[in-house]
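# An overview of the molecular structure
Given next are the chains, with one letter for each unit.
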Amino acid sequence: MSAKDDVALNDFTNIFSLEGKVAVVTGGSRGLGLHSASGLLQAGCSKVFITSRKAAACDEAVAALNALPNLRPGARAVSVPADSSKTPEIERLVAEVRKHTDHVDILFANAGATWGAPFDEHPDHAFEKVLRLNVQSVFFTVQKFAPLLAARATVASPSRVITTASVGGLVVGSYGNENSTPAYAASKAALIHLTRYLAVELGPRHILSNAVAPGFFPSRMANEIMRRQGGVEKLAAENPNGRLGTPEDIAGTVVYLASRAAGHANGTCITLDGGKMWAIAKL
């Protein structure tokens, strides 16, 4: 092969484009889910379905998304409230999405929960709730959406499953105090491995599965934990890159994993913590 052949890349200027794609974002009414939904729409998706438990929150998120000034003609977000912790609700969600489309290209399984309590007082019901939403419900969400994800998927244009893990599933984080999160840590470690399982199970159906493991991003779920651990400025200073995560960080990573640029990524977990995981692991 010549140098001319080596520099020839297939439509590289559009490699991150999601032109015409259909996406579903669970836990999409706020925080990381809403940041990512905004990125998916602005990268070219024609439809992004937003779901979470509260209808008012979904409607508010969709109104804000549809007011974005740079969407493709006809592109829109659609509100479909549902409780992802309940399998019948997931089935209803799929049925509602089917009313609008005969396929889904991108499923961002982002819904999740945490619970902080001292080790000796961590309640049974809390452990069960966190594992159910963060692991079991992700599995059943992917399972129920699999037919829609496979409907138009091909080797050249695979569909995508993206899951929200956490650095808490890679290193031991909050422990030994009122903020101990054993269920969250266990659930996110399990989710990372579940995503690898999905990569092998669904790959032959032309569905790629990858995880994102964020560190601290200012959000409603994380803000109180960050306050108890010293606040934003302290936590930012502990990161090798000197800051916490931004909306663009998570949205850009999700768009990458959903795009042609990540067409050979399957079973991976991308850590988004500014390098803090390695800083605290140093000897």
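Cut-off values and rules
Residues numbered from 1 in each chain as written. Predicted model: local features only at pLDDT ≥ 70, side-chain atom pairs only at ≥ 80, totals over all residues. Heavy atoms only, no water. UniProt positions renumbered as here; feature names shortened; annotations may be inferred. 1 Å grid on protein atoms, 1.4 Å probe; cavity = no way out; pocket = protein on both sides within 12 Å on 5 of 7 lines; lining within 4 Å. Points joined across faces, edges and corners; volume = space filled by probe spheres on them. Nonpolar A, V, L, I, M, F, W, Y, C, P; charged D, E, K, R; others polar. Helix = DSSP H or I, 4+ residues; strand = E, 2+ residues; numbered from the N terminus. Buried < 20%, exposed > 50% of the residue type's maximum accessible area, 1.4 Å probe, protein only. Contact = heavy atoms within 4.5 Å. Patch = residues over 30% accessible without salt bridge, like charges linked within 9 Å, V, L, I, M, F, W, Y side chains within 5 Å. Areas by Shrake-Rupley, 256 points an atom, 1.4 Å probe, with all protein chains shown as cover. Salt bridge = Lys/Arg side-chain N within 4 Å of Asp/Glu carboxyl O. Lys, Arg positive; Asp, Glu negative; His and termini not counted. Charge placed at Lys NZ, Arg CZ, Asp CG, Glu CD. Pairing = 2+ DSSP bridges. Axes fitted to C-alpha atoms, helices over the stretch in contact; angles between N-to-C directions.

The name an unreviewed UniProt entry assigns to the protein is Bile acid 7-dehydroxylase 1/3, from the organism Lineolata rhizophorae. Recorded in UniProt for the protein, the comment headed Sequence similarities (unreviewed entry) runs: "Belongs to the short-chain dehydrogenases/reductases (SDR) family."

### A closer look at the layout of surface pockets
Rolling a probe over the atoms, with the probe sized like a water molecule, indicates the empty space that remains. Taken as a whole, the second largest pocket encloses approximately 270 Å³ of empty space. Contributing to the lining of the second largest pocket are 19 residues, with Lys21, Ser157, Arg160, Ser259 and Arg260 lying nearest its centre. Taken together, the residues of the lining of the second largest pocket sort by class into 7 nonpolar, 6 polar and 6 charged.

### Topic: the environment of proline 182
Tracing the backbone through its elements, the reader meets proline 182 in helix α6 (residues 182–202). Take proline 182: its relative accessible area is 28%, and that puts it in the partly exposed class. Sequence-wise, proline 182 and glycine 169 are 13 residues apart; in three dimensions their C-alpha atoms are separated by 9.9 Å. The residues contacting proline 182, other than those within four sequence positions of it, are His122 and Phe127.

### Quick look at a positive patch on the surface
Residues Arg30, Arg53, Lys54 and Lys129 make up a contiguous surface patch of positive charge. Along the chain, the position of arginine 30 falls in the loop between β1 (22–26) and α2 (31–42). Using a relative accessible area of 39% as the deciding quantity, one classes arginine 30 as partly exposed.

### Examining empty space enclosed by the protein
Using the criterion set out here, one finds 1 cavity of 30 Å³ or more in the structure. In this structure, the largest cavity encloses a volume near 40 Å³. Residue lining of the largest cavity: Thr26, Ser84, Ala109, Asn110, Ala111, Leu133, Ser137, Val138 and Thr141, and that is the complete set. Ranked by residues supplied to the lining of the largest cavity, first place goes to helix α5 (residues 124–150) with 4 residues. The residue makeup of the lining of the largest cavity, split by class, is 4 nonpolar, 5 polar and no charged.

### Details of the environment of histidine 35
Topologically, histidine 35 is positioned in helix α2. Separated by 211 residues in the primary sequence, histidine 35 and threonine 246 place their C-alpha atoms 9.1 Å from one another. If sequence neighbours within four positions are ignored, histidine 35 has contacts with Pro247, Ile250 and Ala251.

### Here's the deal with the sheet that holds strand β3 (residues 76–79)
In spatial order, the strands read β3-β2-β1-β4-β5-β6-β7; together these 7 strands make up an open sheet with parallel pairing. Pairing within the sheet leaves two strands with one partner each, and these edge strands are β3 and β7 (269–272). Mean inter-strand twist for the sheet, computed between neighbouring axes without regard to direction, equals 20 degrees. When strand β6 (residues 207–214) meets β7, the two strands line up parallel, connected through 4 bridges. Paired with valine 212 across the strands is isoleucine 270, a residue of β7. Strand contacts of helix α3 (residues 55–66): β2 (47–51) and β3, with the helix running at about 175 degrees to β3, the strand carrying the most contacts.

### Brief notes about the pattern of salt bridges
A complete count under the given rule lists 12 salt bridges for this structure. Across the pair lysine 144 and glutamate 91 runs a salt bridge whose closest N-O atoms are separated by 3.5 Å. Linking lysine 144 in helix α5 with glutamate 91 in helix α4 (residues 87–98), this pair joins segments that are 53 residues apart in sequence. For lysine 144, a relative accessible area of 26% corresponds to the partly exposed category. Residue classification places glutamate 91 among the partly exposed residues on the basis of a relative accessible area of 40%. One salt bridge connects aspartate 249 with arginine 243, and the closest N-O pair in it is separated by 2.7 Å. The class for aspartate 249 is partly exposed, based on a relative accessible area of 23%. Shared partners join several salt bridges into a network, and the residues in it are Lys234, Glu238 and Lys276.

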